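Residues per chain, in single letters:
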Amino acid sequence: MRVVPALIGSLPRPLGLAKKIELYSIGRLNEDKLEEAYREHTKKAFQKLRDAGIKVITDGMYRWDDIFNPLIRYIDGVEVNGLFKFYENNFFYRSPVVRGEVNLLDNPIPKWVSIAKEILEEVYPEATLKAVLPGPVTLAYHSLNEYYESLEALAKDYAEKVLTPLIKELEVDIVELQEPALASELSRATREEEVHISKETAKTVIEKLGKLRKLWVVTYFGTPQVIPKGVILNVDLVEGSLPNGIGGEVGLGVVNARETKMERSDRIRDKLLKLSGKFSRIYVTPNTLLDFLPESVAWRKLKLLGRLGGE
């Protein structure tokens, strides 16, 4: 069993970058200067991830306000409206309001990924970069659906008409899908009258995307209710548990990204040792997005993960 430290999703946005974004929003900073700030802070993040020993990384999602935005601004048939609480966190997202058939519009996300790759080649070429997108099931559950006959139909179109063409444009080997709904929403959809997506549909739409690119499917806030084939499934071991039927490579969320208290590395190692015969490779990760932590604490947790790496 090999243990590989990895980042999932986003990093807390640095204060200096947040100030530049605010200046841009009120017209006191031009677009070129904002782009310089994004690149500068992405470079610093890659250097810190290198120093922390994190081997598989994202670009920190500094250009994203949440896991849905800005992508939903580039989807035909969708309007962006309202602030909603992201599960039980002091963290909010803007919701997609679906008023027509969804289709992907021209968007800058492939270019952003290419820029991140260029920066990575300069400062940390040994790392593996993942592109991050919201998964179709989570997108459907967090949309205000005013057009489709069902959430299942919406999830299928998100997968086929939005994520499929976008994934085809991304010049990376691995695409990370943020899919907390596979754990949190599907586990609650137990009453017949509830509007929900079937586990079979959730599994099918993700497996179809997995034929386009290697997928790293991140779940959190519970135990995954479906296990798509042919993907790296990331499981939250802080607020959930490891489901049966997983083998090969797996991502394990072993540090709590919603709690500032630091974990003990010896206890995490003991937990990993018990799984030593079950998986060919374990990616150790935060259990969810690091946005919920102060920036300094988030980096301390990443350094802890880095110390767990090795054969």
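Going by the structure above, here's the rest.
Owing to the predicted nature of the structure, the values given are computational and were not obtained by experimental measurement. Residue numbering note: each chain is counted from 1, following its sequence as written. Reporting of local features is limited, given that this is a predicted model, to residues whose pLDDT is at least 70; pairs of side-chain atoms are given and counted only at 80 or more, and all residues count toward the totals for whole chains, interfaces and linings. Only hydrogens and water are set aside when side-chain values are computed; all heavy atoms of the structure are taken into account.

Participant: Got a minute to help me understand the packing of aromatic side chains in this structure?
Facilitator: In this description, an aromatic ring pair is defined by two values, namely the gap between the centres and the angle between the planes. We call Phe, Tyr and Trp rings a pair once their centres come within 6.5 Å, taking the six-membered ring for Trp, and we label the pair stacked below 30 degrees between planes, edge-to-face above 60, and tilted otherwise. Under the defined criterion, the tally for this structure stands at 10 aromatic pairs. Geometrically, the ring pair formed by Phe-86 and Phe-221 is edge-to-face, given 6.4 Å between the ring centres and 65° between the ring planes. Residue Phe-86 is found in the loop between β3 (75-85) and β4 (92-104), and its partner Phe-221 is found in the loop between β8 (214-218) and β9 (231-236); the two are separated by 135 residues along the sequence. To sort residues, take the accessible area from a 1.4 Å probe on protein chains only and compare it with the maximum for the residue type: under 20% means buried, over 50% means exposed, and anything in between is partly exposed. Among the residues examined, Phe-86 registers a relative accessible area of 2% and is labelled buried. Classification of Phe-221 as buried rests on a relative accessible area of 12%. Within the aromatic cluster, the residues linked to one another by ring pairs are Phe-68, Phe-84, Phe-86, Tyr-87, Tyr-93, Tyr-220, Phe-221 and Phe-292. Should the NZ of a Lys or the CZ of an Arg lie within 6 Å of a ring centre and within 35 degrees of the ring normal, that charge is described as sitting over the ring. The positively charged end of Lys-130 is found above the aromatic ring belonging to Trp-216, 3.8 Å away from the centroid. Each helix is a run of DSSP H or I of at least 4 residues and each strand a run of E of at least 2, with the numbering of both proceeding from the N terminus.

Participant: What is the right way to read the sheet that holds strand β5 (residues 128-134) from this model?
Facilitator: To summarise the sheet geometry, strands pair through backbone hydrogen bonds and adopt either a parallel or an antiparallel arrangement. Pairing within the open sheet is parallel, and its 8 strands lie in the order β1-β11-β10-β9-β8-β7-β5-β2. Single-partner strands in this sheet number two, and they are β1 (2-5) and β2 (56-57). For two strands to be treated as a pair, DSSP must find no fewer than two bridges joining them. Summarising the sheet, β9 and strand β10 (residues 248-255) pair through 4 bridges and their orientation is parallel. When the bridges of β10 are listed, Val-235 appears paired with Leu-252. Contacting β2 and β5, helix α3 (residues 109-123) runs over the sheet at an angle of about 160° to β5. What makes two residues a contact is simply this: any of their non-hydrogen atoms within 4.5 Å. Axis lines are fitted through C-alpha atoms, for helices just across the contact stretch, and the angle between N-to-C directions can take any value from 0 to 180 degrees.

Participant: Mind showing me how you'd approach the nonpolar core here?
Facilitator: General note: in soluble globular proteins, nonpolar side chains tend to be found buried as a group. Counting 113 residues, the largest nonpolar core has Phe-86, Leu-133 and Tyr-158 as its most contacted members. It is helix α5 (residues 151-169) that provides the largest number of residues to this core, a total of 10 residues. Beyond its immediate sequence surroundings of up to four residues, Tyr-158 is in contact with Ile-75, Val-78, Pro-96, Val-98, Val-102, Pro-136, Leu-139, Ala-140, Ser-143 and Leu-163. Definition of nonpolar core: a set of buried residues of the types Ala, Val, Leu, Ile, Met, Phe, Trp, Tyr and Cys, connected through side-chain atoms within 4.5 Å.

Participant: Sorry if this is basic, but what is going on with the sheet that holds β3 here?
Facilitator: As summarised here, the arrangement of the 3 strands in space is β3-β4-β6, forming an open sheet in which the pairing is mixed. What marks the edges here is a single partner per strand, and that holds for β3 and β6 (144-145). Relative to β6, β4 is paired through 2 bridges, and the arrangement is parallel. Among the inter-strand pairings, Val-97 is bridged to a residue of β6, identified as Leu-144. The strands touched by α5 are β3, β4 and β6; relative to β4, the strand with the most contacts, the crossing angle is about 90°.

Participant: Where do I start with the pairing of β4 in this structure?
Facilitator: Looking along a regular strand, one sees the side chains alternate between the two faces of the sheet. In terms of strand pairing, β3 meets β4 through 9 bridges, oriented antiparallel. By the bridge assignment, Asn-81 is partnered in β4 with Ser-95. In sequence, β3 turns back onto β4 through a hairpin of 6 residues, with Tyr-87 there showing a positive phi of about 55°.

Participant: Explanation requested: α5 in the structure shown.
Facilitator: An α-helical turn contains 3.6 residues, so a residue and the one three or four places further along point in the same direction. An ideal rise of 1.5 Å per residue puts 27 Å on 19 residues; α5 measures up with 26 Å between its terminal C-alpha atoms. Working definition for bend: take the seven residues up to and ending at a residue and the seven starting at it, fit an axis to each, and measure the angle between the axes. When the local axis directions of α5 are compared, the greatest deviation, roughly 40°, occurs at Leu-163, which is followed within four positions by the proline Pro-165. Residues of α5 that are buried include every one of Leu-151, Ala-153, Leu-154, Ala-155, Asp-157, Tyr-158, Ala-159, Val-162, Leu-163, Thr-164, Leu-166 and Ile-167, and no others. Expected span of a helix, by definition, is 1.5 Å for each gap between consecutive residues, and there is one gap fewer than residues.

Participant: What's the story with the side chain of Asp-59 in this structure? I'm lost.
Facilitator: With respect to the helices and strands, the residue Asp-59 is situated in the loop between β2 and β3. Counted as positive: Lys and Arg. Counted as negative: Asp and Glu, with His and the chain ends omitted from the count. We count a salt bridge whenever a side-chain nitrogen from Lys or Arg sits within 4 Å of a carboxyl oxygen from Asp or Glu. Of the side chains with opposite charge, Arg-63 comes closest to the buried, unpaired Asp-59, at an N-O distance of 5.6 Å. Apart from the residues within four sequence positions on either side, Asp-59 is in contact with Thr-42, Phe-46, Ala-116, Leu-129 and Lys-130.

Participant: How should the environment of Lys-168 be read in this particular structure?
Facilitator: Mapped onto the elements of the fold, Lys-168 is located in helix α5. Residues in contact with Lys-168, not counting those within four places in the same chain, are Leu-212 and Arg-213.

Participant: I tried to follow the environment of Val-297 on my own but got confused; where do I start?
Facilitator: As for its position among the elements, Val-297 is in helix α9 (residues 295-307). In this structure the C-alpha to C-alpha distance between Val-297 and Thr-260, which are 37 residues apart in sequence, comes to 6.4 Å.

Participant: Where do I start with a positive patch on the surface in this structure?
Facilitator: Like charges are joined within 9 Å and nonpolar side chains (Val, Leu, Ile, Met, Phe, Trp, Tyr) within 5 Å, but only among residues with over 30% relative accessible area and no salt bridge; these make up the patches. In these tables, accessible area is a Shrake-Rupley quantity obtained with a 1.4 Å probe, and a residue counts as shielded only by the protein chains included in the view. All charge positions are set by atom: Lys at NZ, Arg at CZ, Asp at CG, Glu at CD. A grouping of Lys-48, Arg-269, Lys-303 and Arg-307 is seen on the molecular surface, where their side chains present a positively charged patch. Judged by its relative accessible area of 38%, Arg-269 is partly exposed.

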